[in-house]
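Tertiary structure, described
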Amino acid sequence: MFEASDIREWRGHDVVDADGHKIGALESVYVDTGSDEPAFATVTVGLPTRRRLAFVPLAGATVGPGYLKVVHSKDQVKKAPSIDTDGELPASEEAAVFAHYELSYEPGSGGERRLGRR
């Protein structure tokens, strides 16, 4: 896995699926608040007049010349929970992001958020 500081430098670069199909552009990185490791990215998707930020896990992601390749399909990412381009992920919707990718979700022991935007 790459360092969180490195992945932030990729903002604006293409995000592609395992088959090389462009999904969108990397907008931001969300880290797991328990480990401070990159966990999810948001990708700008949609029509120019209706852009939104879809969440995609970074586990298994690799970088190439000018792109970030994720292991999930373009279709799955485009159907993922999303937020407005100027929005924030509400704590109450974190579990849905994990569930979409069939990942286990547990908030912090004090009920705190699991994902933090970087």
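Now for a quick tour of the structure. (Residues numbered from 1 in each chain as written. Predicted model: local features only at pLDDT ≥ 70, side-chain atom pairs only at ≥ 80, totals over all residues. Heavy atoms only, no water.)

1. Digging into the nonpolar core
Counting residues in hydrophobic clusters, the biggest one holds 27 residues, and the most contacted among them are Val15, Ile23, Phe40, Phe55, Val56 and Leu115. Listing elements by their share of this core, those giving two or more residues are strand 2 (22-32), strand 3 (37-45), strand 4 (52-57) and helix 3 (94-100). Setting aside anything within four residues of it in sequence, one finds Phe55 in contact with Tyr30, Phe40, Ala41, Thr42, Val77, Ala80, Pro81, Ser82, Ile83, Leu89, Val97 and Tyr101. (Core = buried A, V, L, I, M, F, W, Y, C linked by side-chain atoms within 4.5 Å. Buried < 20%, exposed > 50% of the residue type's maximum accessible area, 1.4 Å probe, protein only. Helix = DSSP H or I, 4+ residues; strand = E, 2+ residues; numbered from the N terminus. Contact = heavy atoms within 4.5 Å.)

2. Regarding the pattern of salt bridges
Under the counting rule described, the total for this entry stands at six salt bridges. A salt bridge links Glu94 to Arg113; the shortest N-O distance between them is 3.2 Å. Of this pair, Glu94 sits in helix 3 while Arg113 sits in the loop between helix 3 and strand 8 (115-117), and the two are 19 residues apart along the sequence. Note on Glu94: relative accessible area 0%, which makes it buried. What you see here is one network of salt bridges that share partners, running through Arg11, Glu27 and Arg117. (Salt bridge = Lys/Arg side-chain N within 4 Å of Asp/Glu carboxyl O.)

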